[in-house]
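Summary of structural features
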Amino acid sequence: MKSSFALFFAVFLASVTHAATFYVATTGDDRNPGTRNQPFATVHHAQLAARAAQKPVTVLLRGGMYCLSEPLVFTAADADTVWQAVENETPVLSGGVLLTGWREVAPQRWQVTLSDVAAGQWYFSQLYVNDQRRSRPILLRTGYFSVAGQLLPTSGENPDRFRFCPGEIRADWHNLSDVEVTTFHLWTMDRLRIKSVDARQRTVTFTGPTHSHDQAPLTRATWYRVENVREALENPGEWYLDRTTGVLTYLAKPGESVRRTRVIAPRLPHVVLFDGATNVTLRGLTIAHNAWNTPPLGYGFLQADVVVNGAVTARNTRQCALENCVIRHTATWAVDWGDGCHGNRIEGCELFDLGAGGVKVGPTEPGSEADTNKWASGCIIRDNLIAHGGRVFPAAVGVWIGNADNNVVEHNEITDFYYSGMSIGWRWGAGFSPAHHNTIADNHIHNIGQGVLSDLGGIYTLGESPGTVLRANHIHDVSRARYGGWGIYFDEGSSHIVAESNVVHDTQDAGFFQNNGAGNIVRNNLFALGNNAAIQVGNPRPTNGIHFEGNRFLLLAPNLFATGNFNDDMTFASNRYWRVGGGPIKFLRDESLDDWRKREPSALVAEVRPAFPQAPAKRNRTDQLPAVPRSFPPAPDERDLYQNLAIDEDFELYQPGQRIDDWCQTDLSPGDVAAITTAAAASGRQSLQFQKGPPSPRSWTPHIYAKVRYENGVVHNSFDLRVEPGAQVGWEWRDWPGGGSYQPGPSLSVTAEGALTASGRKLLTVPTGRWLHVEIVCGLGTKATGTYTVAVTLPEQVPQRFADIPYPAGFKAVDWIGFFSAGKEGTVYFVDNLKLAVRPE
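Quick look at the structure, then. Starting afresh in each chain, residues are numbered from 1 along the sequence in its written order. Residues qualify for local features only when their pLDDT is at least 70, as the model is predicted, and side-chain atom pairs are given and counted only at 80 or more; totals for whole chains, interfaces and linings, by contrast, use all residues. Where side-chain values are given, they derive from all heavy atoms of the structure, hydrogens and water being excluded.

Examining the overall build of the protein
Put simply, DSSP H or I for four residues or longer makes a helix, DSSP E for two residues or longer makes a strand, and each gets a number counted from the N terminus. When helices and strands are counted, the protein shows five helices and 72 strands. Based on the C-alpha atoms only, the size of the protein along its principal axes is roughly 105 × 75 × 50 Å. Of all 841 residues assigned to the protein, the portion counted as buried reaches 59%. Residue pairs in contact within the protein that sit at least 24 positions apart in sequence constitute 74% of those at least 6 positions apart. Accessible areas in this description were obtained via Shrake-Rupley with a 1.4 Å probe; residue shielding takes into account the shown protein chains only. Accessible surface, the protein as shown: approximately 32000 Å² in total, 50% of it carbon and sulfur. Separation between the mean location of the 75 positive side-chain charges and that of the 84 negative ones in the protein comes to 3 Å. Categorising residues by exposure relies on relative accessible area from a 1.4 Å probe, with only protein chains included: less than 20% of the type maximum marks a residue as buried, more than 50% marks it as exposed, and the intermediate range marks it as partly exposed. Any two residues whose heavy atoms approach within 4.5 Å are treated as being in contact. Counted as positive: Lys and Arg. Counted as negative: Asp and Glu. His and the chain ends are not counted at all. Where a charge lies is defined by one atom per residue type: Lys uses NZ, Arg uses CZ, Asp uses CG and Glu uses CD.

Points about the environment of Gly 362
Along the chain, Gly 362 turns up in the loop between strand E32 (359-361) and strand E33 (376-377). Since its relative accessible area comes to 1%, Gly 362 is described here as buried. With 20 residues separating them in the primary sequence, Gly 362 and His 342 have C-alpha atoms 9.2 Å apart. Every residue in contact with Gly 362, bar those within four places of it in the chain, is listed here: Trp 337, Gly 338, Ala 376, Trp 400, Asn 403 and Ala 404.

Topic: empty space enclosed by the protein
A pocket here means an open set of points on a 1 Å grid, computed over the protein atoms alone, that has protein on both sides within 12 Å along at least five of seven lines. A cavity is instead a set of points where a 1.4 Å probe fits but cannot get out; residues with an atom within 4 Å of a point line either one. Grid points are joined across faces, edges and corners, and a volume is the space filled by probe spheres set on the points. Within the structure shown, the criterion is met by four cavities of 30 Å³ or more. In this model, the largest cavity occupies a volume close to 120 Å³. Forming the walls of the largest cavity are 13 residues, and the residues nearest its centre are Ala 148, Gly 149, Arg 220, Ile 647 and Glu 649. At three residues, strand E58 (residues 647-649) tops the list of elements feeding residues into the lining of the largest cavity. All residues other than Ala, Val, Leu, Ile, Met, Phe, Trp, Tyr, Cys, Pro, Asp, Glu, Lys and Arg, Gly among them, are scored as polar; the first ten of these are nonpolar and the last four charged. Taken together, the residues of the lining of the largest cavity break down into six nonpolar, one polar and six charged.

A few points about the pattern of salt bridges
Here a salt bridge means any side-chain nitrogen of Lys or Arg lying within 4 Å of a carboxyl oxygen belonging to Asp or Glu. Following the criterion strictly, the structure yields 37 salt bridges and no others. A salt bridge links Asp 78 to Arg 51, with the nearest nitrogen and oxygen atoms 2.8 Å apart. Taken together, the residues Asp 78 in the loop between strand E4 (72-74) and strand E5 (81-85) and Arg 51 in helix H2 (residues 43-52) connect sequence positions 27 residues apart. Assessed through its relative accessible area of 30%, Arg 51 is described here as partly exposed. We note a salt bridge from Glu 500 to Arg 471, for which the minimum N-O separation is 2.8 Å. Taken together, the positions of Glu 500 in strand E47 (residues 495-500) and Arg 471 in strand E44 (residues 464-471) put the pair 29 residues apart, joining distant regions of the chain. The exposure class of Glu 500 is buried, given its relative accessible area of 12%. According to the relative accessible area criterion, Arg 471 is partly exposed, its value standing at 34%. Shared partners join several salt bridges into a network, and the residues in it are Arg 283, Glu 323, Arg 345, Glu 347, Arg 382 and Glu 410.

The following block contains the structure:
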């Protein structure tokens, strides 16, 4: 049989060596000659025929779903071929599998058993139902949990565990190793897989660490979610795949039926690969459903998630193109023009519902600027719609250009991303960068950040980029989580860039920000309606030069600059300034207009807003797309992260000599100690020791404090205390929401003579060298009485209760708690079993 087929195929190839066009249809047969009326069935068979034919060759695909068993790989053997859709038809190249055999085991609860999953040969983390992405069960779906406490890593320096609040993570969850914890940091998110859970200590340990101990710490109040929890499967549209049994469970949405619903699960990491290809064009095709699963040790990356692959991935490829294609429902980036890619195009395409970003160009490894063979160049990204990205990797961007030069990115609409709209350059700081002479022009970039991540921009740049121009882009509606929602963001080392004729408005922070750059020109732009300023400059060193000329600034806030940073290498000429509603403008450090004109004699200021020119007309094409729900809600307000966040610390999970990183320790004078010790413990083996250092101007040190937020309910605070001779102890609650003065609340102190006082009222004398237990109870909000109660249990005695101790009238909530230390050099006290929690009683 094999020999007869081989003979037939050889004869067939000989008969088609002069053919120029082949057809493929889902109803075809690979034994056919590939004509219009007798098409092939598979794209891989058509590729063999096309390779054997004289060039150029066109392969026409009829409409329908082509579920690929392996990626469609183009190499040098495919030169001078065009693969395109038959007119008015929609062929879909899918990396997924159409799932059949569903059973409705309960109303709107469907199941199917997948033997390959049960056999360990397949697993997937995405699912598409009736052409819409569906999600696994998530806790919390509409919000976030807060890390309760930071812990030392089990090995190395990057964190791999934390303490959680009661009930947030459970040791008895089904298939615990398949549960993922997504931890959010300033401009990144890590996906961590659970290794173990200690229910008693309320600690979770992961199979691997976050990507960085400084960029991705797991400190107290880090916000996180828990994904793929079978016990949380309860909302219509959610699904769970049991790796051990192969059973896939789906909770159907209203109107969905087993017989009429199409469910696709991804299987291939790549759908299309270009490997050394030249002059191959894909036209009018739809590419969808590639796969990505969290690796065994978890995942995290330093910026923009650029190490994630693409549904379409290319290496060492030249003069290849995607024209009028649709790339949708990806687990990763849509298009990856990576190492050694030159002169490729993506034009007129729609990229949407993306697990990561839209298009990336150039090598992604930091330090790859040293390997010229990996550089990319001359790629064109034009007239595309790139929307609804970051659904799996929120730090991904619409367009990323790394170590690549002479690229053109123009006439694109980029919208609905959680980090930056574009990122250009891939070198931090001064020095040569291969990312130069890139043109970013006439793009419409909007709805960026959306409160999920921080330190981002509509257009973000890195490194020295001579010849790079940002021209006539329209950027608006940029927001962030903690800080840094800028319109145009020249970050570390961004130099020799021209930003001209851009329209930037409605940004949460300044319309323009530069951090460590030189030789940049910002001219003829409109910067309008930045929430807090129009310009911000970081690290204003003499090399941080920039020239502003001919720009128009419309200010919401009275100040032009977000900070007072300025240096003489910043110059201004012929700019115009207005303030919404009129009123004076603060130019720099409260300079008046007359003072400012010493720097910029040609400055023009009007008190009434003029008729501003409208932003360049842009097509908003997202209305043509199906709705794509958000994957990540906005980050919680920082105060909300601490809302009712309990403290329950016995200090047993630290190393002797370690500081408590979750507590701020900026007020430690030389010689002070505030660290874990084995010298004494009320229970267990360890406690927190405070030891007074040599005399210093800061008489209150060693001093540490923690942020909290309690507004309503009854707050219970307790700890064990051991005071050595001569030590002076201070413990205080404060209502201090940030900035300005604070209002003290309940407080305790121990004098050198051992007198224990509460808000100045003496309670008793404490023994030295012995452990005592202290508890403070205070009502807040609807439970407030204006007083608090202290209970003290001395060694071998019953508790003594002191009620109705008044606190200052202005105290309304607890934002801050802290220890102080006075006394003489060498005096010591110990704290153990520190607890703080609010109860609704």
